Structures are given as C-alpha cells and as structure tokens.
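These are the residues of each chain, in order.
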Amino acid sequence: MVSRSYSNLLDLASGEAPSFGYMNRRIPRIMTVAGLISDVDDDPEESVCSDPSSSTVHRDRIIIVANQLPIRAQRKPDGNRNWSFEWDENSLLQLKDGLGDDDIEVIYVGCLKEDVHLNEQDEVSQILLENYKCVPTFLPPDMFTRYYHGFCKQQLWPLFHYMLPLSPELGGRFNRSLWQAYVSVNKIFADRIMEVINPEDDFVWIHDYHLMVLPTFLRKRFNRVKLGFFLHSPFPSSEIYKTLPVREELLRRGYIGIEYYGRTVSIKILPVGIHMGQLQSVLRLPKTEEKVCELIRQFSDRGRTMLLGVDDMDIFKGISLKLLAMEQLLMQHPEYQGKVVLVQIANPARGRGKDVKEVQAETKATVKRINESFGKPGYDPVILIEEPLEFYERVAYYVVAECCLVTAVRDGMNLIPYEYIISRQGNETLDKVLGLASSPKKKSMLVVSEFIGCSPSLSGAIRVNPWNVDAVADAMDTALEMADSEKQLRHEKHYRYVSTHDVGYWARSFLQDLERTCSDHVRRRWWGIGFGLSFRVVALDPNFRKLSMEHIVSAYKRTTTRAILLDYDGTLMPQASIDKSPTSKSIEILSSLCRDKNNVVFLVSARSRKTLNEWFSPCENLGIAAEHGYFLRMKRDEEWETCVPAIDHSWKQIAEPVMKLYTETTDGSTIEDKETALVWCYEDADPDFGSCQAKELLDHLESVLANEPVTVKSGQNNVEVKPQGVSKGLVAKRLLSAMQEKEMSPDFVLCIGDDRSDEDMFEVITSSMAGPIAPRAEVFACTVGRKPSKAKYYLDDTAEIVRLIQGLACVSEQRVLC
C-alpha cells in the first residue's frame, strides 16, 4: 500500500499512485538505543512540522544510500541457503574500513545487481542485514529498466555530460513514463530507509543522480532529517540543465546557496579518494606479481614502452580521440614505431543503446586502421582489451605503464589516475620485479583531460583538451621524452596528495561537514510547505508564531503610548498589484490610527518622497520616511529632514549608463531614478533571464562604484544603489529616540514589513527593549508570510495585515466616540 505521506508526490509525477505490492514489506527495525523506536506516522499533518526534542547519547550511525549495494551476490548451486555474499572491493561506497572508527555504525541501502525471486527476498534481506548491515531494495525488472536504463541513463546521464536530446538518437526525447518510474523507485528507497532509520539521530548520506528526489521524500516524512547528498557526476551549466522538463522537481532537494528558507544548505566541492589499503593489498598478491612479470616479458623485455588507457566504453570517455592522437604521434614521430604501444582497456558500457554500439564500432575500426598502417609482425601499436579484467590484472597494467592517458571529454571524479599513481608507487617485491631495487625513487606520468573532476588535484599532470588531437599527441611525446628526474618529482607530488586524500579522508570530511551543518537542527522548528515535488522545508525560530488578533488588540487597549511603523509595498499593498496607489479604505484606516493622540504612526517605504506625499496627503498626522529613510518628516505640514548628511550624487553618472546597458538588453526592465537612489527593476522581465541579468548587474555596479559612498543591494525583482548608512533601521532608531526625548517612551511598538530592508527595523525594535522602549512594553515585530525572519510574529498576507490595522483603528475610533 502506498503511504499517504507520499501519495501526492506520486500523483504529481504520474497522475496515479502505482501499486508496489511486495516491495513495501517491512524488515526488522534497527535500534541504537535500547527500547527507542522512532516510528514516523504517515499522516501528512504530522509530517509537516517538527518540534525540538532531546536526543539520547548514542553510537553515531550513518545510513549510506546508493543505487547499488557494495555487495557481490552469487547463487549457490546447492545447499540450505541459495545465495552467497561478499563485499565488492571495487565499490567506492564500502566505507567502513575507510572511516576507521569503531564508534561509527554504517548501514547500506541499495539494490543488488542480481535478480532475487520474490520467495527468496525475505531470507536475503535477513542475511544481508545480520551479516553485512545492508538493506536491499528489490525492484521489479521492468521498473528497474525504466528507472535505470531509461530515465537515469537516457535522460539524466547524457544531460549531465552536456548532451542535449536534439534528436531521438541523441539521448532520446523526454519520456514521462520513465520519469514516473524514477519517482516511484525513489519512493521505494524512501520507504526502505524509513524502516531502519532513527530519525532524530541517524545521518543519511545519499549518492548520485539516481536518487535526486529521494531527499524530498525523506524530508516530507521527517522534516529534521540529517541529510547529505553527494553528486558523483558533473553538474551541467544552467543553460543545459534548463532543457530538462522536470528540472525544478529534481532540485527541490535544496537550491545551491547558503541560506534556503532558514535552513543552512552547505555546498562543497569534495574530490573523492581511493581505498588505499585495498589497493595496496592487491599490489601484494602473488597473482598480481605474476601478471606484472608477464607484462614485462610482453613489453619491457622486448624494448617496448607501454602507454595505458582505462575507460568505460561510452561516448564521453574520448577513446576514439585518444586513438587518433596515438595515430598522429606515430605519423609525426616514426622513431616510436615498433617501440611504443598503447594498451586501451575498454570496460563494458554501463548503459545501453545505439550510441554505445557506435562507439564500439568506431573504436574497433580505428584500432584496425592504426595497426594496419603502423604494425609489423609481432608488433601492434594499439592493443584493445574488451573482455572484463580482474582488478589485480588492471593494477598490473598500471604498474608497468610508463604513462596513463585519461582523456574523457566530460567526466566526474575519475579515479583511474589515482589508482595508477598508487600502483606505480608499488612495494619492495614489485620493485625487485621491475629492477628498481637500486633506485628507490618512483616515477609516473599522467596526461589528463581538463574536463574531468580529478584534473585540478593533479598539478603535475599534463592537462589537455581532448578535442585537440595534435595537443594530445604532443602531450604523449612530452611524457615519453621527459627526464626521469622530472617524472620522479611529479610522481612524488601526486603520491603525497593521493595517499593523504583517500576515500576515508573524503568520507570523514563529508560527514564532518554534514554534522556541522545539522548541529542546530534541534534548536529550530521545522515546517513543510507545498505539495508534490514542490514540497520544501522551512526552518524557523521555535518562538516564531502567527500574530493573534486578540493578543495584539488586548495589548493595544492596555497601552497609552504607541509607536507603529509600517512598510508599504508588499505589506499594505500586494506586490502583484498593477496600481500601486493606496485605496480610499487604506487612507481611511491610516487616518483613524493617526487621529488617536496616543499613536505615532510612521510609513517607512523605499518610494520617493514626491510619490508618498501625493498618495498620503489626506493623512495629516502620518509620519513618512521615504527612500528607505533618507528623507523623513513627522507630520504632513512639517519640513522634510535627512537621516544622514547630504552627499554628492555624482555617482549616478557612473551607475546610470551601466543600468541603461542592462535595460536595453533585458526586455521588461526599467530604471527608477529617485532623488538619492537608482533602482533597476525587472518585475516584468522573463524571471530566469531577469534574475541572471540582475546578478551580473550587481557585480558590475559593485565593481564600478567600489570607491563611491554608496551600497548596491539586490531586492525583490530589483537592484538598488543608495547612499551608505541609509536603512529603515535608522528610521526606527530615530523615531524611538525622539519619543524618548519627549518623555514618551512607547509601551506598545508594532512594526510590520515583508522584505530584507524591513529586517533592519525588526532588529532595532527588538534590541531597543532595554533602551528607548518602556520596560515591559508590548513589542510586535511582524513579517508578511511564514518565512525566516528577525521578527517574532508573522501574518500570511497583505489582506491579514490590513484587517489587523483596521481592527486597531476601530479600537481607536471607539475611544474617540466615547
């Protein structure tokens, strides 16, 4: 049965909730504290809010979630149990040894490579849970095919490698049924995790693009889950990613940034490392030594130098370009013919489709052409190995190769160069086999593509553009001709980095950052907002609550000296309104508040004093602060004052031409020239393009105005340049101080606003309770909308704000009538 918490997400993806049948069987829940089981209810009402609670001291536990478990399974031909299992030493995610901490318990959730019959799944689950702390996720074959070979490999994987689906042959068109399968599988993973998680305590580490919507499912189930996501693939530019029809649903796991709806979302580039211990143990195996001896006889003893390539057989690894570079090398340097051999190990492709077959055909044809052109009896310049190799065999090739070539056109954190470096470091036994006993210094050479993830961490490698065949051929020549002393220095530099930044270092760094990011979870209140894959979690102060009409009216009646500060746009007037001028009702409400002799009412706005004067001229006693408080007057008939000393506005001559440039190239944008400020507005522009242009404009203005007495800030659909030191907080401070000087310290303060500029007012009135504000005063800082704010209260929208102000005005009118 589909859990109710998730039904709306699946409805959004497919229009109906699929039946998962046997896949939702529960397995025994694992506990880290005796008697403590945190079972999260499926009721949506209970899944959207989490209150702080105390946590029991416990053993740290990490749930590592990936598409595949780091387990090898093999069916037994006979015996009581039909399956045998062992750790997959080639899996990057087998992190228990890498973490090296007995106080950390690791649970794995993922699929097995082998199909397990329905009748055997309970038994397999129990064995894996008891012996390996693994929780298998079983998927029907047809669903797995649509999810993995369909959406993951035909949609996401090509897109993340900068391949657009321009035709059905190139990646394939977007297929909504494949997307539905992807969402459904992510939901199944979430169900499996919820069967073993202690939500208050456990850390969850999700891996790679196969499970990008899984965090949304988990946060909907438990808002405060301690969650980390690691993407092993390169993330494309926004222009490429925007072509995906479900782009927003995938990124609901958290936009890139520091603050996201009150939650701290940490973004970090963290290169993956290799299993040092595992690789060194393989280097010590007798069969590895035997294979090295065989390769020495095949190459070194015959006077031949091996260049090595190890790549998956897919369109992004650049195998054909590498072969063309080898061909170019042999053409330009005939002296290498008969002496240099490129061994290309082609691992089986992980995906399926026409593109894989085309790569295989092109690779074989190119190898055949090169060997026919430059080969001779007993010598092939290119050796293509297509059959799967054991890991020890691959390591042996690393040991013997003089140079390793990794020339992918687009790749993630390719670990082949790291494995090569450690293998070339070798050990004493291999040194004797290689005849290096008299020279303890090791050497290695790397030619790497500038488009792979590990390239920045290999400063001694020769970096190349793989599309530039001539440059790659020159790099091969440089690697072959470089002096041994230089090769040794480069190898030493690489070995120091790779050996100290292994998989354990990577895992510990990620988990330390995750723990640091989640450290304040228990001190915040969490709310779920939105439906389907638009669901997001907002983290708020535990004391943040909706402003009660009864509460504030009661306080209003009890008090005698009141300060009321109101923002205009987005507070008294909805942001979406085309006509921004106040209604007669708003004027009447403000006038009623101002007629109460106990009130000092101030309108604090970013608008110009000319506009505000015209709009609010009927309100005789209304104080107005214009242009964020640069201009100020206490009543209609008083003169305008300035909050800061007058400044030179010659900076406008610098800023305005820049803004005009962006206005000309951004349809729907305008420039508002105020007395003291310039505002570039893009409210009517294309949202994505306008936002992009605003970021560029912000950087441009900050650069050209660096020496001017102004600040450049981005607001809601605008970029504003204004004098330094001007803020709405300054208005609040000045008003409260003025009231105190007249011995009118307010015992009631109400401040309402909706955007960043209003946060300055909230901060001032909150911190003034020990100063200009009377002791035990009633203070209400209120923001519009339930969102992170320095305000203690919120109201949902402008309609509620107007009703609140109207209610206070009615109290004042009743007192006047009495």
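Here the structure is shown first, and the text comes after it.
Residues numbered from 1 in each chain as written. Predicted model: local features only at pLDDT ≥ 70, side-chain atom pairs only at ≥ 80, totals over all residues. Heavy atoms only, no water.

A. Layout of the sheet that holds strand β8 (residues 226-230). With parallel pairing, five strands are arranged side by side in an open sheet as β6-β5-β2-β7-β8. Edge positions in the open sheet fall to β6 (134-136) and β8, since each of these has one partner strand only. Across the sheet, the mean angle separating the axes of adjacent strands is 20° when strand polarity is ignored. Packed on one face of the sheet, helix α19 (residues 503-517) meets β2 (60-68), β7 (203-207) and β8 and runs near 125° to β7. (Pairing = 2+ DSSP bridges. Helix = DSSP H or I, 4+ residues; strand = E, 2+ residues; numbered from the N terminus. Axes fitted to C-alpha atoms, helices over the stretch in contact; angles between N-to-C directions. Contact = heavy atoms within 4.5 Å.)

B. Here's a closer look at the packing of aromatic side chains. One pass over the structure, following the stated rule, counts 25 aromatic pairs. Measuring from centroid to centroid gives 5.7 Å for Trp87 and Tyr108, while their planes differ by 65°, and the two rings are edge-to-face. Within this pair, whereas Trp87 is found in strand β4 (residues 83-87), its partner Tyr108 is found in strand β5 (residues 104-111), the two being separated by 21 residues in sequence. Among the residues examined, Trp87 registers a relative accessible area of 30% and is labelled partly exposed. Ring geometry for Tyr568 versus Trp615: centroids 5.6 Å apart, planes at 45°, classification tilted. With Tyr568 in the loop between β20 (562-566) and α21 (584-595) and Trp615 in helix α22 (residues 609-615), the pair connects residues that are 47 residues apart, well separated along the chain. Assigned by exposure class, Tyr568 and Trp615 land together as buried. Taken together through their ring pairs, the aromatic side chains of Phe144, Tyr147, Tyr148, Phe151, Phe174, Trp179 and Tyr182 make up a single cluster. Lying across the ring of Phe203, Lys226 places its NZ or CZ 5.1 Å from the centre. The ring of Tyr556 is capped by Arg562, whose NZ or CZ atom sits 3.8 Å from the centre of that ring. (Phe/Tyr/Trp six-rings, centres within 6.5 Å; stacked < 30°, edge-to-face > 60°. Buried < 20%, exposed > 50% of the residue type's maximum accessible area, 1.4 Å probe, protein only. Lys NZ or Arg CZ within 6 Å of the ring centre and 35° of its normal.)

C. Spotlight on the sheet that holds strand β27 (residues 710-715). The four strands are arranged β25-β26-β28-β27 in an open sheet whose pairing can be described as antiparallel. The open sheet has two edge strands with one neighbour each: β25 (670-673) and β27. The average angle at which neighbouring strand axes cross in this sheet is 15°, direction not considered. Bridging between strand β26 (residues 678-681) and strand β28 (residues 718-723) involves four bridges; their strand directions are antiparallel. The residue of β28 that forms the bridge with Cys681 is Asn718.

D. Spotlight on the nonpolar core. With 162 residues, the main nonpolar core has Val65, Phe85, Leu112, Tyr182, Trp205 and Trp506 as its most contacted residues. Element by element, the count of residues in this core is highest for helix α6 (residues 176-194), at eleven residues. The contact partners of Val65, leaving out residues within four places of it in the chain, are Val109, Phe189, Ile193, Val204, Trp205, Ile206, His207, Leu211 and Leu214. Leu566, Leu612, Ile752 and Phe780 belong to the second-largest nonpolar core, a separate cluster that totals 43 residues. (Core = buried A, V, L, I, M, F, W, Y, C linked by side-chain atoms within 4.5 Å.)

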